[in-house]
Amino acid sequence: MELDSHGVEQQVSTGALPGWDAVEHHVLVAHERSREHADGVVADYIPILATVDPELFGVCVAEVDGEVHAAGDADVSFSIQSISKAFVYALVCGRLGHEVVRERIGVNNTGLAFNSVVAIELNDGHPMNPMVNAGAIATTALMPGDTAEEQWQAVRDGLSRFAGRPLALDTVVYESEAATNQRNRAIARLLESYGRIELDPLAVVDVYTKQCALLVTARDLAIMGATLADGGINPVTGEQVVSPEVCRDTLAVMASTGLYERSGEWLFEIGLPGKSGVAGGIVTIAPGKGGIGVFSPRLDPAGNSVRGQRATAYLSRALGLNIFASAMHQPRATEKESS
């Protein structure tokens with residue numbers, strides 16, 4: 001697609017969140033409104049995830065200026081799972097650039113399940129986007145490092161910079177996933193056969209599996225989201241993790257593909273870039289304003305937290321975050337009317 005936009009400077013207009021008291025109030029209300037809903041089931045295709053307490057529920061909003069508002073189990077740790085895809089994608093975009101990553105990974109939704117093998121075959125081996133497993137594995141393969149261990153360290157260090165603190169590997173989750181990730185290994189082998197992975201595909205899958213087993217909290221997710229919301233500057237550490245251009249590209253892909261095959265419904269109802277994970281986390285970004293992190297293990301059939309979606313939908317409306325929302329303008333007075 002050639003849109004002839006080179007040399008046109010990107011302008012930004014985002015507005016701001018309401019004051020501290022309003023955000024604090026609405027985070028508490030979002031938690032209170034959503035916690036009674038018991039719809040959904042915990043993930044069980046990864047054995048260790050099936051043992052998680054389904055009643056856990058945390059909500060957090062981090063503003064771009066570093067203010068944090070939390071309710072419920074916002075500091076309970078869980079594995080980041082597929083939410084990691086968005087942040088590894090950002091790191092790779094920062095390393096290789098807009099055009100290379102768009103060509104190698106893609107930006108279009110498959111319309112199929114996140115672990116679909118059919119989607120790869122239907123698209124001549126192209127992974128299509130970084131938020132499904134095929135695209136995420138291909139993205140992880142592009143991380144810097146001459147060995148799998150060096151790539152793993154680059155992934156962990158990069159995601160830790162987004163969170164503003166060192167993130168630890170949950171070895172129990174990693175071992176549980178490594179023992180049951182035959183499908184991801186098959187996907188990696190298939191990508192290798194199409195020339196989409198140049199490294200040892202099984203070593204890449206191992207790095208990807210560790211990446212998904214990093215421990216985070218809803219508070220971490222909110223801070224990671226706020227980093228993408230503020231042109232790549234972490235609101236806690238002040239570090240420039242990635243560039244504003246990388247944030248723009250990452251948020252665009254998250255908006256179109258971040259909630260698996262429910263991405264269209266998410267964007268239609270909530271109107272914000274987001275990314276979910278099967279441990280029950282969701283990160284959502286309001287550009288220029290802040291990040292939302294939620295955690296609740298019960299999932300819908302697509303793998304998205306039920307309570308998390310409800311709480312985020314409330315916050316999007318109550319805090320005026322939907323990027324598609326607008327109000328009727330007040331007509332300007334004519335010169336004759338104002339005289």
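For the structure itself, consult the block above.
Visitor: Can you help me understand the sheet that holds strand β2 (residues 68-72) in this one?
Guide: Note on sheets: strands pair through backbone hydrogen bonds, and any given pair is parallel or antiparallel. The antiparallel open sheet is built from 5 strands, whose spatial order is β2-β1-β7-β6-β5. Both outer strands of the open sheet, β2 and β5 (274-276), are each paired with one neighbouring strand and no more. Ignoring strand direction, the axes of neighbouring strands in this sheet form an average angle of 10°. Summarising the sheet, strand β1 (residues 58-63) and strand β7 (residues 290-295) pair through 6 bridges and their orientation is antiparallel. Residue valine 59 lies in a different strand from β7, and its bridge partner there is valine 294.

Visitor: What exactly am I supposed to notice about the packing of aromatic side chains here?
Guide: In this description, a pair of aromatic rings is defined by centroid distance and the angle of the planes. Summed over all chains, the structure comprises 2 aromatic pairs. Between phenylalanine 78 and phenylalanine 295, the aromatic rings sit 4.0 Å apart at their centres with planes inclined by 5°, giving stacked as the arrangement. Of this pair, phenylalanine 78 sits in strand β3 (residues 78-79) while phenylalanine 295 sits in strand β7; the two residues are 217 residues apart in sequence, bridging distant segments of the chain. Among the residues examined, phenylalanine 78 registers a relative accessible area of 5% and is labelled buried. A relative accessible area of 1% places phenylalanine 295 in the buried class.

Visitor: How should the pairing of strand β6 (residues 281-286) be read in this particular structure?
Guide: For a regular strand, side chains alternate in direction, first toward one face of the sheet and then toward the other. Within β6, 6 of the 6 residues are buried, which leaves it mostly tucked inside the rest of the structure. Along β6, one buried face is formed by Gly281, Val283 and Ile285 and the opposite face, lined by Ile282, Thr284 and Ala286, is buried too. With 3 bridges joining them, β5 and β6 adopt antiparallel strand pairing. Within β6, the residue paired with lysine 275 across the bridge is valine 283. Where β5 folds back on β6, the antiparallel hairpin that results is connected by 4 residues, among which glycine 280 adopts a positive phi of roughly 115°. As defined by bridge partners, β6 adjoins β7 across 6 bridges and the pair is classed as antiparallel. Bridge pairing in β7 links isoleucine 285 to glycine 291. If you look at the hairpin formed by β6 and β7, you'll find 3 residues sitting between the two strands, and glycine 288 has a positive phi there, around 80°.

Cut-off values and rules
Residues numbered from 1 in each chain as written. Predicted model: local features only at pLDDT ≥ 70, side-chain atom pairs only at ≥ 80, totals over all residues. Heavy atoms only, no water. Pairing = 2+ DSSP bridges. Helix = DSSP H or I, 4+ residues; strand = E, 2+ residues; numbered from the N terminus. Axes fitted to C-alpha atoms, helices over the stretch in contact; angles between N-to-C directions. Phe/Tyr/Trp six-rings, centres within 6.5 Å; stacked < 30°, edge-to-face > 60°. Buried < 20%, exposed > 50% of the residue type's maximum accessible area, 1.4 Å probe, protein only.

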